[in-house]
Amino acid sequence: MSSSISIVPKVIAIICARGGSKGLKKKNLKSINGESLIGRVIRQAFESKSIDSLIVSTDDKDIASEAIKYGAEVPFMRPKDLSGDLATTEETLKHALITYEQQKNTKFDIVVFLTATDIFRRTEWIKKVIDVLKESPSIESAFVGYKTHKNFWELQENGQWVRIRDWMKEYSSRQIRRSIVREDTGLACASRAYLWREGRRIGDKVQILINNDDFTSIDIHTKEDLELAEAALKIRSKD
């Protein structure tokens with residue numbers, strides 16, 4: 001009897017959390033506000049009530065144990081060639097999705113990317129980016145983006161600095177000037193699964209959930225980042 005692959009319109013979230021990190025050793029296991037970073041993002045994913053399956057891609061047994069404790073699946077350990085400093089997130093997501101789909105003999109339609117080091121995430125953002133894809137078939141990816149009115153410059157090959165947009169030459173009040181958006185996929189990003197199978201995290205047809213929270217700029221990669229996040233959490237708890 002030949003096995004058939006069923007197309008299941010379900011949502012899978014994949015969290016990448018390797019053990020090696022130069023800035024802050026075992027950062028995904030660091031505790032903040034009473035829970036580990038990996039535990040925090042898993043909890044937030046489940047609290048969104050929009051995830052059908054949640055797996056963690058890791059090469060570290062301690063991270064795997066912590067992830068399982070919070071209810072995530074760790075169906076396989078990440079191979080060494082995807083655990084080094086030069087391995088890309090896109091390669092890791094592609095491997096995790098395809099491997100898990102092969103194990104379960106199924107395919108997912110929507111895939112969700114979340115990181116443990118971005119902690120100032122609102123649970124409803126996860127649901128919202130998923131809902132965008134469910135409600136708008138033409139959209140390939142939906143993610144959180146931080147709106148900024150700052151000017152940005154780029155260094156050219158000839159050594160000259162240029163503004164990335166001509167309109168940035170015009171200085172005006174923040175209230176009326178144009179803005180750009182920083183891509184913050186680690187906070188919440190939903191994409192069509194075929195993109196990840198092709199090795200792409202996001203597509204070209206996107207919808208961005210605008211975020212104005214300055215604290216979302218904190219991404220934990222060093223000891224100072226962790227201390228800053230802890231201080232920010234204390235400030236936020238007073239709000």
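The structure we're discussing is the one just above.
Residues numbered from 1 in each chain as written. Predicted model: local features only at pLDDT ≥ 70, side-chain atom pairs only at ≥ 80, totals over all residues. Heavy atoms only, no water.

Digging into the side chain of T185
Part 1 of the argument: If you trace the backbone, T185 turns up in the loop between strand 11 (180-183) and strand 12 (189-192).
Part 2 of the argument: A relative accessible area of 5% means that T185 is categorised as buried.
Part 3 of the argument: Within the structure, the side chain of T185 is placed 3.0 Å from the side chain of R201, a separation counted as a polar contact.
Part 4 of the argument: Those residues in contact with T185, other than ones at most four positions away along the chain, are F113, F143, V144, R201 and I202. (Helix = DSSP H or I, 4+ residues; strand = E, 2+ residues; numbered from the N terminus. Buried < 20%, exposed > 50% of the residue type's maximum accessible area, 1.4 Å probe, protein only. Polar contact = N/O pair within 3.5 Å; in protein donor to acceptor, adjacent residues only side chain to side chain. Contact = heavy atoms within 4.5 Å.)

Topic: the nonpolar core
Part 1 of the argument: By size, the foremost hydrophobic cluster in this structure holds 43 residues, and its most contacted members are I38, I42, I51, L54 and V56.
Part 2 of the argument: Those elements that place two or more of their residues in this core are strand 2 (11-16), helix 1 (37-47), strand 5 (53-57), helix 2 (61-69), strand 7 (110-114), helix 4 (123-135), strand 8 (141-148) and helix 6 (223-237).
Part 3 of the argument: Per-element tally for this core: the top contributor is helix 4, with six residues.
Part 4 of the argument: Apart from the residues within four sequence positions on either side, I42 is in contact with I15, L54, V56, A67, Y70 and A72.
Part 5 of the argument: Ranked by size, the runner-up nonpolar core spans 17 residues in total, among them I55, L97, A193 and L195. (Core = buried A, V, L, I, M, F, W, Y, C linked by side-chain atoms within 4.5 Å.)

Regarding helix 2
Part 1 of the argument: The set of residues buried in helix 2 consists of I63, A64, E66 and A67. Around the axis of helix 2, the buried residues are gathered within 165° of arc, so they sit on the same side. Opposite its buried face, helix 2 presents the exposed residues K61 and K69, each directed more than 90 degrees away.
Part 2 of the argument: Contacts from the buried residues of helix 2 go to strand 4 (35-36), helix 1 and strand 5.
Part 3 of the argument: The residue sitting at the N-terminus of helix 2 and contributing the capping side-chain oxygen is D60; that oxygen lies 2.9 Å from the backbone nitrogen of D62.
Part 4 of the argument: Positive phi shows up at G71, right after helix 2, with a value of about 105°. (Arc of directions from axis to C-beta.)

Concerning the pairing of strand 5
Part 1 of the argument: Where burial is concerned, most of strand 5 is hidden: five out of the five residues are buried.
Part 2 of the argument: Alternating residues of strand 5 divide into S53, I55 and S57 and L54 and V56, and every residue in both groups is buried.
Part 3 of the argument: With five bridges joining them, strand 2 and strand 5 adopt parallel strand pairing. Bridge pairing links I15 to V56 in strand 5. (Pairing = 2+ DSSP bridges.)

Overview of the packing of aromatic side chains
Part 1 of the argument: Considering all chains together, one arrives at two aromatic pairs under this definition.
Part 2 of the argument: Taking 6.1 Å as the distance between ring centres and 25° as the angle between the ring planes, the aromatic pair formed by Y100 and F108 counts as stacked.
Part 3 of the argument: Take Y100: its relative accessible area is 2%, and that puts it in the buried class.
Part 4 of the argument: Here the guanidinium or amino end of R177 rests over the ring plane of Y171, the centre of that ring lying 5.9 Å away. (Phe/Tyr/Trp six-rings, centres within 6.5 Å; stacked < 30°, edge-to-face > 60°. Lys NZ or Arg CZ within 6 Å of the ring centre and 35° of its normal.)

Comments concerning helix 6
Residues that lie three or four places apart on an α-helix share one face, since the helix turns once every 3.6 residues.
Part 1 of the argument: Across its 15 residues, helix 6 extends 21 Å between first and last C-alpha, which sits within 8% of the 21 Å expected from 1.5 Å per residue.
Part 2 of the argument: Here helix 6 has its buried residues at D225, L226, A229, A232 and L233. Taken end-on, helix 6 shows its buried residues confined to a sector of 125°, consistent with a single buried face. In helix 6, those exposed residues whose orientation departs by more than 90 degrees from the buried face are K223, E224 and K234.
Part 3 of the argument: Looking at the buried residues of helix 6, the elements they touch are strand 3 (31-32) and helix 1. (Expected span 1.5 Å × (residues − 1).)

Section: the environment of I235
Part 1 of the argument: Secondary-structure assignment places I235 in helix 6.
Part 2 of the argument: Along the backbone, I235 and T148 are 87 residues apart, and their C-alpha atoms lie at a distance of 22 Å.

With respect to unusual backbone geometry
Part 1 of the argument: At K26, a position not held by glycine, the phi torsion is positive, near 55°.
Part 2 of the argument: For K26, the location among the structural elements is in the loop between strand 2 and strand 3.
Part 3 of the argument: On the accessibility criterion, K26 (24% relative accessible area) is partly exposed.
Part 4 of the argument: Within the chain, N33 stands out as a residue other than glycine whose phi angle is a positive 55°.
Part 5 of the argument: Along the chain, the position of N33 falls in the loop between strand 3 and strand 4.

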